[in-house]
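# Structure assessment
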Amino acid sequence: MFGEVGAEMIVVNTTHVVCEVPPREEAGECVVNVRVDGRVLGGEKLAFLYVESARVDGIVPSKGRPDGGTVVEVTGSGFDVGGMMCRFGADHVGEGEVVSSTLVRCMSAASHAGNEVSVEVSAAWGEYTRGSHRFLYEDSVIVSRVEPTRVMPSSGALMSIIGSHFTTQGGLVARLGGKHVEPLHFVSSSVVLCGTGRLMLMSGNVSVEVSSNGVDFVASGQSVVVEYGVRLREVVPSRVPAGGGAHVTVVGWGFEGSSEMLMFGEHGVKCDVESSGHVVCALQTVASAAVGEVEVKVAGESFSVPFVFDVGATVEGMSPSRGPVHGGTVVSVHGTSFMAASSLECLFGDSTPSAATVHSSTLILCASPSQRQGSGF
(Lines give C-alpha, C1' and ligand atoms only; values in the text may rest on other atoms or scores of the structure.)
Protein backbone atom coordinates (compact mmCIF):
# COMPACT_ATOMS: atom_id res chain seq x y z
CA MET A 1 0.00 0.00 0.00
CA PHE A 2 1.28 3.45 -0.98
CA GLY A 3 -0.63 5.50 1.53
CA GLU A 4 -4.24 4.45 0.96
CA VAL A 5 -3.64 3.25 -2.58
CA GLY A 6 -2.99 -0.38 -3.30
CA ALA A 7 -0.28 -1.55 -5.68
CA GLU A 8 0.41 -4.83 -7.43
CA MET A 9 3.11 -6.82 -5.68
CA ILE A 10 5.30 -9.61 -7.02
CA VAL A 11 7.04 -11.87 -4.50
CA VAL A 12 10.58 -12.57 -5.66
CA ASN A 13 11.68 -14.60 -2.61
CA THR A 14 11.20 -14.69 1.15
CA THR A 15 13.08 -11.38 1.58
CA HIS A 16 12.32 -9.49 -1.61
CA VAL A 17 9.14 -8.18 -3.24
CA VAL A 18 8.66 -5.86 -6.23
CA CYS A 19 5.88 -3.24 -6.26
CA GLU A 20 4.65 -1.05 -9.11
CA VAL A 21 4.26 2.52 -7.88
CA PRO A 22 0.71 3.79 -8.42
CA PRO A 23 0.13 7.29 -9.83
CA ARG A 24 -0.48 10.29 -7.57
CA GLU A 25 -1.68 13.78 -8.43
CA GLU A 26 0.70 15.77 -6.24
CA ALA A 27 4.27 15.48 -4.98
CA GLY A 28 4.98 14.45 -1.39
CA GLU A 29 5.92 11.59 0.88
CA CYS A 30 3.69 8.65 1.67
CA VAL A 31 3.96 5.62 3.94
CA VAL A 32 4.46 2.23 2.28
CA ASN A 33 2.98 -0.89 3.95
CA VAL A 34 3.26 -4.48 2.84
CA ARG A 35 0.18 -6.64 3.44
CA VAL A 36 0.05 -10.40 3.30
CA ASP A 37 -3.36 -12.05 3.58
CA GLY A 38 -4.83 -8.75 4.84
CA ARG A 39 -2.21 -8.38 7.57
CA VAL A 40 0.31 -5.51 7.59
CA LEU A 41 3.81 -6.79 8.10
CA GLY A 42 5.73 -5.27 10.98
CA GLY A 43 9.26 -3.93 10.94
CA GLU A 44 10.92 -0.70 9.91
CA LYS A 45 8.62 2.05 8.67
CA LEU A 46 8.90 2.53 4.91
CA ALA A 47 8.34 5.79 3.03
CA PHE A 48 8.22 6.73 -0.64
CA LEU A 49 8.68 10.27 -2.00
CA TYR A 50 6.71 11.44 -5.01
CA VAL A 51 8.48 14.27 -6.81
CA GLU A 52 7.48 16.58 -9.63
CA SER A 53 8.14 15.05 -13.03
CA ALA A 54 10.99 16.69 -14.91
CA ARG A 55 9.96 18.89 -17.83
CA VAL A 56 12.14 20.51 -20.49
CA ASP A 57 11.09 23.98 -21.70
CA GLY A 58 14.08 24.89 -23.85
CA ILE A 59 17.71 24.26 -24.80
CA VAL A 60 20.51 26.73 -25.66
CA PRO A 61 22.27 26.40 -28.00
CA SER A 62 20.20 24.21 -30.27
CA LYS A 63 23.13 23.14 -32.46
CA GLY A 64 26.79 22.22 -32.13
CA ARG A 65 29.82 20.69 -33.72
CA PRO A 66 29.97 17.02 -34.82
CA ASP A 67 32.86 16.11 -32.51
CA GLY A 68 30.67 16.85 -29.47
CA GLY A 69 31.60 18.75 -26.35
CA THR A 70 29.07 21.58 -26.73
CA VAL A 71 27.72 22.67 -23.34
CA VAL A 72 23.93 22.85 -23.71
CA GLU A 73 21.85 24.64 -21.08
CA VAL A 74 18.57 22.81 -20.53
CA THR A 75 15.84 24.84 -18.81
CA GLY A 76 12.63 23.48 -17.38
CA SER A 77 11.31 22.32 -14.02
CA GLY A 78 11.41 19.37 -11.65
CA PHE A 79 15.13 18.74 -12.02
CA ASP A 80 16.55 16.68 -9.16
CA VAL A 81 19.43 18.53 -7.49
CA GLY A 82 20.72 15.13 -6.44
CA GLY A 83 21.63 14.32 -10.02
CA MET A 84 20.29 14.28 -13.58
CA MET A 85 21.19 12.32 -16.69
CA CYS A 86 21.23 13.78 -20.20
CA ARG A 87 20.46 11.97 -23.43
CA PHE A 88 21.18 13.10 -26.98
CA GLY A 89 19.14 10.86 -29.23
CA ALA A 90 18.39 7.32 -28.16
CA ASP A 91 21.86 6.13 -27.19
CA HIS A 92 24.17 8.92 -26.07
CA VAL A 93 23.75 9.27 -22.30
CA GLY A 94 25.88 11.33 -19.91
CA GLU A 95 25.67 12.89 -16.49
CA GLY A 96 24.41 16.48 -16.39
CA GLU A 97 25.51 19.34 -14.15
CA VAL A 98 22.51 20.37 -12.05
CA VAL A 99 22.64 24.12 -11.45
CA SER A 100 19.16 24.37 -9.94
CA SER A 101 15.75 22.70 -10.12
CA THR A 102 15.19 24.63 -13.36
CA LEU A 103 18.60 24.44 -15.06
CA VAL A 104 20.83 21.53 -16.08
CA ARG A 105 23.98 21.74 -18.21
CA CYS A 106 24.52 18.83 -20.58
CA MET A 107 27.51 18.08 -22.82
CA SER A 108 26.68 16.93 -26.33
CA ALA A 109 27.98 13.60 -27.57
CA ALA A 110 29.71 13.15 -30.92
CA SER A 111 27.65 12.52 -34.03
CA HIS A 112 27.78 13.23 -37.77
CA ALA A 113 27.03 16.58 -39.43
CA GLY A 114 23.40 16.95 -40.41
CA ASN A 115 22.09 14.63 -37.70
CA GLU A 116 19.30 16.09 -35.53
CA VAL A 117 18.43 14.43 -32.24
CA SER A 118 16.12 15.01 -29.30
CA VAL A 119 17.55 16.28 -26.01
CA GLU A 120 16.06 14.65 -22.92
CA VAL A 121 16.87 14.54 -19.22
CA SER A 122 16.06 12.17 -16.41
CA ALA A 123 16.61 11.76 -12.72
CA ALA A 124 18.74 8.74 -11.89
CA TRP A 125 15.63 6.82 -10.87
CA GLY A 126 13.11 8.15 -13.39
CA GLU A 127 12.11 8.13 -17.03
CA TYR A 128 13.46 10.50 -19.64
CA THR A 129 11.43 13.53 -20.58
CA ARG A 130 9.62 13.59 -23.88
CA GLY A 131 9.43 16.67 -26.04
CA SER A 132 10.20 18.43 -29.27
CA HIS A 133 13.51 20.02 -28.30
CA ARG A 134 16.01 19.07 -30.98
CA PHE A 135 19.77 19.48 -31.29
CA LEU A 136 21.38 19.78 -34.72
CA TYR A 137 24.92 18.69 -35.52
CA GLU A 138 26.50 20.87 -38.20
CA ASP A 139 29.93 21.47 -39.68
CA SER A 140 32.16 23.74 -37.61
CA VAL A 141 32.82 27.16 -39.09
CA ILE A 142 36.23 27.67 -40.68
CA VAL A 143 38.05 31.02 -40.88
CA SER A 144 40.47 31.19 -43.82
CA ARG A 145 41.53 34.82 -43.75
CA VAL A 146 40.63 38.30 -42.55
CA GLU A 147 40.60 41.52 -44.60
CA PRO A 148 42.05 44.00 -43.87
CA THR A 149 44.75 42.61 -41.61
CA ARG A 150 45.17 45.97 -39.84
CA VAL A 151 42.20 47.80 -38.25
CA MET A 152 41.71 51.11 -36.48
CA PRO A 153 38.59 50.79 -34.24
CA SER A 154 38.08 54.56 -34.12
CA SER A 155 37.68 54.69 -37.92
CA GLY A 156 34.44 52.66 -37.92
CA ALA A 157 35.61 50.62 -40.93
CA LEU A 158 34.20 47.13 -41.51
CA MET A 159 36.33 43.99 -41.41
CA SER A 160 35.64 40.97 -43.63
CA ILE A 161 35.94 37.45 -42.18
CA ILE A 162 36.28 34.91 -44.97
CA GLY A 163 35.83 31.16 -44.52
CA SER A 164 33.12 28.51 -44.80
CA HIS A 165 30.02 27.07 -43.10
CA PHE A 166 28.73 30.48 -41.95
CA THR A 167 24.98 30.50 -41.32
CA THR A 168 22.27 32.88 -40.15
CA GLN A 169 20.59 30.18 -38.06
CA GLY A 170 21.44 29.77 -34.38
CA GLY A 171 23.51 32.82 -33.57
CA LEU A 172 26.66 33.47 -35.59
CA VAL A 173 29.14 35.33 -33.36
CA ALA A 174 32.68 36.65 -33.83
CA ARG A 175 35.29 37.64 -31.25
CA LEU A 176 38.35 39.83 -31.55
CA GLY A 177 40.85 39.43 -28.75
CA GLY A 178 38.22 37.53 -26.74
CA LYS A 179 35.63 40.33 -27.04
CA HIS A 180 32.34 39.91 -28.89
CA VAL A 181 31.93 41.90 -32.08
CA GLU A 182 28.52 43.48 -32.68
CA PRO A 183 26.83 43.81 -35.03
CA LEU A 184 27.84 40.95 -37.31
CA HIS A 185 26.55 41.23 -40.91
CA PHE A 186 25.94 37.95 -42.78
CA VAL A 187 26.87 38.21 -46.47
CA SER A 188 27.07 34.57 -47.50
CA SER A 189 28.08 31.16 -46.18
CA SER A 190 31.69 32.21 -46.77
CA VAL A 191 31.74 35.93 -45.83
CA VAL A 192 30.63 37.94 -42.81
CA LEU A 193 31.31 41.61 -42.04
CA CYS A 194 31.89 43.06 -38.59
CA GLY A 195 32.51 46.52 -37.19
CA THR A 196 35.13 47.22 -34.54
CA GLY A 197 34.22 50.77 -33.52
CA ARG A 198 32.53 49.77 -30.23
CA LEU A 199 35.39 47.61 -29.02
CA MET A 200 38.01 48.66 -26.48
CA LEU A 201 40.96 46.58 -27.65
CA MET A 202 44.61 46.72 -26.78
CA SER A 203 46.79 47.76 -29.70
CA GLY A 204 48.81 44.99 -31.37
CA ASN A 205 47.93 41.50 -32.63
CA VAL A 206 44.54 40.13 -31.55
CA SER A 207 43.02 36.74 -32.38
CA VAL A 208 39.94 36.28 -34.60
CA GLU A 209 37.40 33.60 -33.59
CA VAL A 210 33.97 32.68 -34.96
CA SER A 211 31.15 30.60 -33.51
CA SER A 212 27.98 29.36 -35.21
CA ASN A 213 26.11 28.90 -31.92
CA GLY A 214 27.56 31.54 -29.60
CA VAL A 215 29.24 28.89 -27.43
CA ASP A 216 31.79 26.92 -29.46
CA PHE A 217 34.46 29.30 -30.77
CA VAL A 218 36.93 28.06 -33.34
CA ALA A 219 40.54 29.10 -32.78
CA SER A 220 41.19 30.03 -36.40
CA GLY A 221 44.86 30.94 -36.13
CA GLN A 222 43.97 34.22 -37.88
CA SER A 223 44.71 37.59 -36.29
CA VAL A 224 44.57 41.29 -37.05
CA VAL A 225 46.73 44.20 -35.95
CA VAL A 226 44.79 46.79 -33.96
CA GLU A 227 46.04 50.35 -34.35
CA TYR A 228 44.84 53.58 -32.82
CA GLY A 229 45.23 57.13 -34.06
CA VAL A 230 45.64 59.95 -31.58
CA ARG A 231 42.58 60.40 -29.36
CA LEU A 232 42.13 63.08 -26.70
CA ARG A 233 40.44 62.53 -23.33
CA GLU A 234 40.86 65.78 -21.35
CA VAL A 235 42.95 68.91 -20.84
CA VAL A 236 44.40 69.57 -17.36
CA PRO A 237 43.65 72.18 -16.18
CA SER A 238 40.50 72.57 -18.25
CA ARG A 239 40.64 76.40 -18.16
CA VAL A 240 43.33 79.08 -17.91
CA PRO A 241 43.29 82.89 -17.83
CA ALA A 242 43.14 84.59 -21.21
CA GLY A 243 45.92 87.03 -21.96
CA GLY A 244 48.53 85.27 -19.85
CA GLY A 245 50.96 82.41 -20.39
CA ALA A 246 50.04 78.92 -19.24
CA HIS A 247 51.10 75.29 -19.63
CA VAL A 248 48.49 72.53 -19.86
CA THR A 249 48.70 68.74 -20.08
CA VAL A 250 46.56 67.02 -22.70
CA VAL A 251 45.65 63.45 -21.73
CA GLY A 252 44.78 60.85 -24.37
CA TRP A 253 46.49 58.02 -26.25
CA GLY A 254 48.38 57.38 -29.46
CA PHE A 255 50.89 60.22 -29.13
CA GLU A 256 54.12 59.47 -30.97
CA GLY A 257 57.42 61.16 -31.74
CA SER A 258 58.73 64.22 -29.92
CA SER A 259 55.88 66.65 -30.68
CA GLU A 260 52.21 66.73 -31.64
CA MET A 261 50.31 69.59 -33.31
CA LEU A 262 47.04 70.32 -31.50
CA MET A 263 44.43 72.94 -32.33
CA PHE A 264 43.12 75.18 -29.54
CA GLY A 265 40.18 76.68 -31.39
CA GLU A 266 41.68 78.23 -34.54
CA HIS A 267 45.18 78.34 -33.14
CA GLY A 268 47.75 75.61 -33.68
CA VAL A 269 50.06 74.68 -30.81
CA LYS A 270 53.11 72.45 -31.09
CA CYS A 271 53.03 70.31 -27.92
CA ASP A 272 55.85 68.23 -26.41
CA VAL A 273 55.14 64.49 -26.22
CA GLU A 274 55.98 63.12 -22.75
CA SER A 275 54.47 59.67 -23.32
CA SER A 276 51.94 57.92 -25.54
CA GLY A 277 49.23 59.21 -23.19
CA HIS A 278 50.41 62.77 -22.33
CA VAL A 279 51.57 65.92 -24.12
CA VAL A 280 52.42 69.32 -22.61
CA CYS A 281 51.35 72.45 -24.46
CA ALA A 282 52.63 76.00 -23.88
CA LEU A 283 49.83 78.51 -24.51
CA GLN A 284 51.68 81.85 -24.16
CA THR A 285 50.78 83.15 -27.61
CA VAL A 286 47.38 81.47 -27.87
CA ALA A 287 46.11 82.76 -24.51
CA SER A 288 46.47 86.35 -25.65
CA ALA A 289 44.50 85.73 -28.85
CA ALA A 290 41.70 83.37 -27.70
CA VAL A 291 38.77 84.10 -25.38
CA GLY A 292 36.03 81.86 -23.98
CA GLU A 293 35.35 78.18 -24.66
CA VAL A 294 37.23 76.53 -27.52
CA GLU A 295 37.63 73.00 -28.88
CA VAL A 296 40.94 71.19 -28.58
CA LYS A 297 41.63 68.57 -31.24
CA VAL A 298 44.31 66.95 -33.32
CA ALA A 299 44.98 68.86 -36.51
CA GLY A 300 42.83 67.38 -39.27
CA GLU A 301 40.60 65.35 -36.91
CA SER A 302 36.99 66.02 -35.86
CA PHE A 303 37.00 64.54 -32.34
CA SER A 304 37.59 67.23 -29.72
CA VAL A 305 37.50 68.05 -25.98
CA PRO A 306 36.40 71.36 -24.43
CA PHE A 307 38.73 74.00 -23.00
CA VAL A 308 38.20 77.54 -21.67
CA PHE A 309 40.27 80.72 -21.83
CA ASP A 310 38.96 82.82 -18.95
CA VAL A 311 38.57 86.56 -19.33
CA GLY A 312 39.55 88.29 -16.10
CA ALA A 313 36.50 89.38 -14.12
CA THR A 314 36.20 93.08 -13.18
CA VAL A 315 34.13 94.71 -10.41
CA GLU A 316 32.40 98.05 -11.17
CA GLY A 317 30.20 98.51 -8.08
CA MET A 318 28.01 96.96 -5.39
CA SER A 319 24.80 97.57 -3.48
CA PRO A 320 23.92 97.93 -0.68
CA SER A 321 27.16 99.30 0.76
CA ARG A 322 26.21 98.72 4.42
CA GLY A 323 24.45 96.09 6.55
CA PRO A 324 23.96 94.68 10.07
CA VAL A 325 26.96 93.41 12.07
CA HIS A 326 25.58 89.88 12.34
CA GLY A 327 26.05 89.52 8.57
CA GLY A 328 23.83 87.79 6.08
CA THR A 329 23.18 90.82 3.89
CA VAL A 330 22.87 89.81 0.23
CA VAL A 331 25.15 92.17 -1.70
CA SER A 332 24.80 92.59 -5.46
CA VAL A 333 28.19 92.99 -7.13
CA HIS A 334 28.17 94.45 -10.64
CA GLY A 335 30.96 93.98 -13.16
CA THR A 336 31.98 92.02 -16.27
CA SER A 337 32.98 88.49 -17.32
CA PHE A 338 31.68 86.76 -14.20
CA MET A 339 30.38 83.77 -16.15
CA ALA A 340 33.77 83.09 -17.75
CA ALA A 341 35.78 83.21 -14.55
CA SER A 342 37.09 79.84 -13.43
CA SER A 343 36.02 80.42 -9.82
CA LEU A 344 34.45 83.35 -8.01
CA GLU A 345 34.59 84.08 -4.29
CA CYS A 346 33.57 87.07 -2.22
CA LEU A 347 36.05 88.54 0.26
CA PHE A 348 34.90 91.14 2.81
CA GLY A 349 38.05 92.60 4.37
CA ASP A 350 40.17 89.93 5.95
CA SER A 351 37.26 87.54 6.54
CA THR A 352 37.17 84.03 5.20
CA PRO A 353 36.25 83.98 1.48
CA SER A 354 32.77 82.69 0.65
CA ALA A 355 31.42 81.35 -2.62
CA ALA A 356 29.72 83.79 -4.94
CA THR A 357 26.46 83.02 -6.71
CA VAL A 358 26.71 83.91 -10.38
CA HIS A 359 23.47 85.49 -11.58
CA SER A 360 24.77 86.62 -14.96
CA SER A 361 28.00 87.65 -16.63
CA THR A 362 27.57 91.11 -15.06
CA LEU A 363 26.02 90.26 -11.67
CA ILE A 364 27.03 88.07 -8.75
CA LEU A 365 25.44 87.80 -5.30
CA CYS A 366 27.46 87.64 -2.07
CA ALA A 367 26.37 87.18 1.55
CA SER A 368 28.16 89.50 4.01
CA PRO A 369 29.92 87.86 6.98
CA SER A 370 29.47 88.97 10.59
CA GLN A 371 31.74 91.81 11.74
CA ARG A 372 32.10 94.20 14.68
CA GLN A 373 30.17 97.46 14.42
CA GLY A 374 31.86 100.23 12.43
CA SER A 375 34.00 97.88 10.32
CA GLY A 376 34.42 98.99 6.75
CA PHE A 377 36.07 97.43 3.70
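About the thresholds
- Residues numbered from 1 in each chain as written.
- Predicted model: local features only at pLDDT ≥ 70, side-chain atom pairs only at ≥ 80, totals over all residues.
- Heavy atoms only, no water.
- Helix = DSSP H or I, 4+ residues; strand = E, 2+ residues; numbered from the N terminus.
- Buried < 20%, exposed > 50% of the residue type's maximum accessible area, 1.4 Å probe, protein only.
- Contact = heavy atoms within 4.5 Å.
- Areas by Shrake-Rupley, 256 points an atom, 1.4 Å probe, with all protein chains shown as cover.
- Pairing = 2+ DSSP bridges.
- Axes fitted to C-alpha atoms, helices over the stretch in contact; angles between N-to-C directions.
- Salt bridge = Lys/Arg side-chain N within 4 Å of Asp/Glu carboxyl O.
- pLDDT = per-residue confidence, 0-100.
- Patch = residues over 30% accessible without salt bridge, like charges linked within 9 Å, V, L, I, M, F, W, Y side chains within 5 Å.
- Disulfide = S-S within 2.5 Å.
- Polar contact = N/O pair within 3.5 Å; in protein donor to acceptor, adjacent residues only side chain to side chain.

### Observations concerning the overall build of the protein chain
Helix and strand content of the protein chain: 1 helix and 37 strands. For the protein chain, buried positions account for 34% of its 377 residues. Of the contacts made within the protein chain by residues no fewer than 6 positions apart, 52% connect residues no fewer than 24 positions apart. Of the accessible surface of the protein chain, which amounts to about 21600 Å², a share of 51% is contributed by carbon and sulfur atoms.

### What to know about the sheet that holds strand β17 (residues 158-164)
What the 4 strands build is an open sheet, ordered β15-β17-β21-β20; its pairing is antiparallel. Each edge of the open sheet is held by one strand with a lone partner, namely β15 (142-147) and β20 (184-188). The average angle at which neighbouring strand axes cross in this sheet is 25 degrees, direction not considered. Pairing geometry for β15 and β17, over 5 bridges, is antiparallel. Directly across from Ile142, in β17, lies its bridge partner Ser164.

### Remarks on the sheet that holds strand β23 (residues 218-226)
Reading across the sheet, the 5 strands line up as β16-β23-β22-β18-β19 and stay open at both edges, with mixed pairing between neighbours. Here the strands that pair on one side only, and so sit at the sheet edges, are β16 (150-151) and β19 (179-181).

### Comments concerning the pattern of salt bridges
A complete count under the given rule lists 11 salt bridges for this structure. One salt bridge connects Arg87 with Glu120, and the closest N-O pair in it is separated by 2.6 Å. Of this pair, Arg87 sits in strand β10 (residues 84-88) while Glu120 sits in strand β13 (residues 116-123), placing them 33 residues apart in sequence. Glu120 gets classed as buried once you look at its relative accessible area, which sits at 7%. One network of salt bridges, with partners in common, ties together Arg65, Asp67 and Asp216.

### A word on the confidence of the model for the protein chain
Considering every residue of the protein chain, the mean pLDDT works out to 82; 90% of them sit at 70 or more. The weakest mean pLDDT in the protein chain belongs to helix α1 (residues 284-287) at 67; the strongest belongs to strand β12 (residues 103-107) at 95.

### Focus: a nonpolar patch on the surface
Where nonpolar side chains cluster on the molecular surface, the patch consists of Met9, Val11, Val17, Val36 and Leu41 and spans about 360 Å² of accessible area. Counting through the fold element by element, Val36 comes out in strand β4 (residues 35-36). The exposure class of Val36 is partly exposed, given its relative accessible area of 34%.

### Description of the state of the cysteines
All told, the structure shown has 3 disulfides when counted by the stated rule. The partner cysteine of Cys86 in its disulfide is Cys106, sulfur to sulfur 2.0 Å. With the S-S dihedral at roughly -65 degrees, the linkage between Cys86 and Cys106 falls on the left-handed side. Of this pair, Cys86 sits in strand β10 while Cys106 sits in strand β12, and the two are 20 residues apart along the sequence. Residue class for Cys86 comes out buried when judged on its relative accessible area of 2%. Shown here for the protein chain is a disulfide pattern of 1-2, 3-4, 5-6, where each number marks a bonded cysteine counted in sequence order.

### Here's the deal with the side chain of Glu120
Side chain to side chain, Glu120 and Arg87 meet in a polar contact 2.6 Å long. One polar contact links Glu120 to Arg130, side chain to side chain, over a distance of 3.5 Å. Each residue touching Glu120, except ones within four places of it in the same chain, is listed here: Met85, Cys86, Arg87, Tyr128, Thr129 and Arg130.

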